[in-house]
Amino acid sequence: MAAIMTKSDLKQFLSQFSFRTGIIIMICCIPCYIFSFAQIMLPISATTKWILWVVFFGLAKTFQYTGITIIGVEGVKRIKRFWNKKKNESA
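Keep in mind that what you see is a predicted model, and the values were worked out from it rather than measured. (Residues numbered from 1 in each chain as written. Predicted model: local features only at pLDDT ≥ 70, side-chain atom pairs only at ≥ 80, totals over all residues. Heavy atoms only, no water.)

1. Section: a nonpolar patch on the surface
Then step 1. Together, Trp50, Ile51, Val54, Val55 and Leu59 give the surface a local cluster of nonpolar side chains, amounting to about 460 Å² of exposed area.
Then step 2. Considering the arrangement of structural elements, one finds Leu59 in helix H3 (residues 46-90). (Patch = residues over 30% accessible without salt bridge, like charges linked within 9 Å, V, L, I, M, F, W, Y side chains within 5 Å. Areas by Shrake-Rupley, 256 points an atom, 1.4 Å probe, with all protein chains shown as cover. Salt bridge = Lys/Arg side-chain N within 4 Å of Asp/Glu carboxyl O. Helix = DSSP H or I, 4+ residues; strand = E, 2+ residues; numbered from the N terminus.)

2. Notes on the packing of aromatic side chains
Then step 1. If you walk through the whole model with that rule in mind, you get 7 aromatic pairs.
Then step 2. Both rings, one in Phe13 and one in Phe17, keep their centres 5.4 Å apart while their planes meet at 90°; by these two values the pair is edge-to-face.
Then step 3. Centroid distance Phe35 to Phe56: 4.6 Å. Interplanar angle 70°. Geometry classified as edge-to-face. A residue pair is termed long-range when its members are at least 10 positions apart, and Phe35 in helix H2 (residues 19-38) and Phe56 in helix H3 qualify at 21 residues.
Then step 4. Residue classification places Phe35 among the partly exposed residues on the basis of a relative accessible area of 32%.
Then step 5. Among the aromatic residues, ring-to-ring pairing joins Tyr33, Phe37, Trp53 and Phe57 into one connected group.
Then step 6. A cation over an aromatic ring shows up here: Arg78 above the ring of Phe19, its NZ or CZ 3.9 Å from the ring centre. (Phe/Tyr/Trp six-rings, centres within 6.5 Å; stacked < 30°, edge-to-face > 60°. Buried < 20%, exposed > 50% of the residue type's maximum accessible area, 1.4 Å probe, protein only. Lys NZ or Arg CZ within 6 Å of the ring centre and 35° of its normal.)

3. Some points on the pattern of salt bridges
Then step 1. Following the criterion strictly, the structure yields 1 salt bridge and no others.
Then step 2. One salt bridge connects Lys77 with Glu74, and the closest N-O pair in it is separated by 3.8 Å. Of this pair, Lys77 and Glu74 both sit in helix H3, 3 residues apart, which is roughly one turn of the helix.
Then step 3. Owing to a relative accessible area of 54%, Glu74 belongs among the exposed residues under this scheme.

4. Comments concerning the state of the cysteines
Working definition of a disulfide: a covalent bond connecting the sulfur atoms of two cysteines.
Then step 1. If you walk through the whole model with that rule in mind, you get 0 disulfides.
Then step 2. Considering cysteine sulfurs only, Cys32 is the nearest to Cys28, which forms no disulfide, with 7.4 Å between them.
Then step 3. A relative accessible area of 33% places Cys28 in the partly exposed class.
Then step 4. Cysteine Cys29 remains unbridged, with the sulfur of Cys32 as its closest cysteine sulfur at 7.5 Å. (Disulfide = S-S within 2.5 Å.)

5. Regarding the packing of H2 against H3
Then step 1. Look at H2 against H3: their axes get within 7 Å of each other, and the N-to-C directions meet at 150°. One way to sum up the angle between H2 and H3 is to call them roughly antiparallel. Between H2 and H3 lies a crossing of left-handed hand.
Then step 2. Among the residues making up the contact of H2 with H3, the classes are represented as 20 nonpolar, 6 polar and 2 charged. (Axes fitted to C-alpha atoms, helices over the stretch in contact; angles between N-to-C directions. Parallel < 35°, antiparallel > 145°, perpendicular 65-115°, else oblique. Left-handed = near helix turned anticlockwise from the far one by under 90°. Nonpolar A, V, L, I, M, F, W, Y, C, P; charged D, E, K, R; others polar.)

Written as structure tokens, this is what we have:
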């Protein structure tokens, strides 16, 4: 019988991954966002467009939130420090 993974089990599993892996997963959401909206231009039926939008937008959100969960609070602070440092260097 398969065990059911609880919320804390999932967080513990995702915390095993590195900061770099979290960033890579977050970057994976970009092509999904692009395709979820770019497929509107394809010459296919509205139903197919809707299905593709739901699938790719859902994948993008999944990648985004999984990446944020992996990098955690300290990772988010690290990214903010990096962006602020770059902003101050350019000013």
